[in-house]
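Architecture and fold: a report
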Amino acid sequence: QAQLDAEVAALQAALNGLTVDQLVVLRAVRDEAKALSNAGGAYSAASWSRLQAEIADANRVIGSVSSTQAQADQAARELLAAMAGLVPVRDKSALVVSRVKLNQSQLSLVKGKNLTLNEAVYYSNSHSAWAAKVVWKSSNTKVATVDRNGKVTAKKAGSATITVTTVDSDKAGRKLSASVKVSVVKKKVKVKSVSASVPKSLKKGQTVYVTGKYSSSKATGVKVSYKSSKPSVVEADSVGRLMAKGKGTAKVTVKAGGKSKTYTIKVK
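Residues numbered from 1 in each chain as written. Predicted model: local features only at pLDDT ≥ 70, side-chain atom pairs only at ≥ 80, totals over all residues. Heavy atoms only, no water.

Across the junction of S215 and S216, the peptide omega takes the value 0°, indicating a cis bond. Tracing the backbone shows S216 in the loop between strand 14 (213–215) and strand 15 (224–228). (Helix = DSSP H or I, 4+ residues; strand = E, 2+ residues; numbered from the N terminus.)

If you check helix 4 (residues 69–84), its first and last C-alpha atoms are 22 Å apart, about what 16 residues at 1.5 Å a residue would give, namely 22 Å. All of the buried residues along helix 4 are A72, A75, A76, E78, L79, L80, A82 and M83. (Expected span 1.5 Å × (residues − 1). Buried < 20%, exposed > 50% of the residue type's maximum accessible area, 1.4 Å probe, protein only.)

This brings us to the sheet that holds strand 18 (residues 248–256). Within the open sheet, the four strands sit side by side as 12-19-18-15. Their pairing is mixed. Unpaired on one side and paired on the other, strand 12 (201–202) and strand 15 mark the two borders of the sheet. Pairing between strand 18 and strand 19 (residues 259–267): nine bridges, direction antiparallel. Each bridged residue has a counterpart across the sheet, and for G248 the counterpart in strand 19 is V267. (Pairing = 2+ DSSP bridges.)

With that settled, consider the pattern of salt bridges. According to the stated counting rule, one finds nine salt bridges in the structure shown. A salt bridge links R174 to D170; the shortest N-O distance between them is 2.9 Å. By relative accessible area, which is 10% here, D170 ends up buried. Linking R241 and E235 is a salt bridge whose minimum nitrogen-to-oxygen distance equals 3.9 Å. Taking relative accessible area as the criterion, R241 reaches 7% and is therefore assigned buried. Judged by relative accessible area, E235 falls into the partly exposed class, the value being 27%. (Salt bridge = Lys/Arg side-chain N within 4 Å of Asp/Glu carboxyl O.)

This next bit is on the packing of helix 3 (residues 45–63) against helix 4. For the pair helix 3 and helix 4, the least separation of the axes is 9 Å and the interaxial angle reads 160°. Considered as vectors, helix 3 and helix 4 are oriented roughly antiparallel to each other. Crossing handedness for the pair helix 3 and helix 4: left-handed. Of the residues in helix 4, those in contact with R50, L51, E54, I55, A58 and V61 of helix 3 are Q71, A72, A75, E78, L79, A82 and M83. Residue composition of the contact of helix 3 with helix 4, grouped by class: nine nonpolar, one polar and three charged. (Axes fitted to C-alpha atoms, helices over the stretch in contact; angles between N-to-C directions. Parallel < 35°, antiparallel > 145°, perpendicular 65-115°, else oblique. Left-handed = near helix turned anticlockwise from the far one by under 90°. Contact = heavy atoms within 4.5 Å. Nonpolar A, V, L, I, M, F, W, Y, C, P; charged D, E, K, R; others polar.)

Right, dumping it as structure tokens:
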């Protein structure tokens, strides 16, 4: 697994630094993914299935003469995420889900617009997967639809609840879910501010989950993100999980639609 993580990191670095022919890197990522083996059930069925789906998507992009740089870039990143999200099956706890979380708890979209939500699945063995097998569902597809990657598209004015549910179960055998209410409106509204309940201090090894909230609550097309100035001190993932990795001080920035707020965290 350590070797796989190193290879994924190297490919990600190559992708980030690319300025020409995106298909070169996409092919390299695809070939690296195809070389992986699940002999003996080395990885969970859900994470392996996700990887195969992303390989198929990469093949479609590579095989199409009309593929754009943006499509190739997206395919490569999703494939890298699926590789990083492979869940090693060392024991039964590797398949036991402890939490699923979305990057935000509110969303408004103008009719015809779309936004992709981020989700993360956390397992009881402390492994996390940002590309774990999940099922997305809209309570009202006439108002808003959602695809298998969490892309929400506004269809007509109204409201709908978007829910993401894990394929793997928790220790009680239940599928875990997280949801967000989506309001589809006619007029664009700008975000004014963003905030979150971020602790001022953490103990090394401690983990907290935060969710950024923005105002006006009617602001449209706003995606919430998280970033740490020092991941070696405080690691922030794409949905707001903060992990105290080492002693020191780090700044965590919560961003929403061009507005941001930075919090200082001291790890003891």
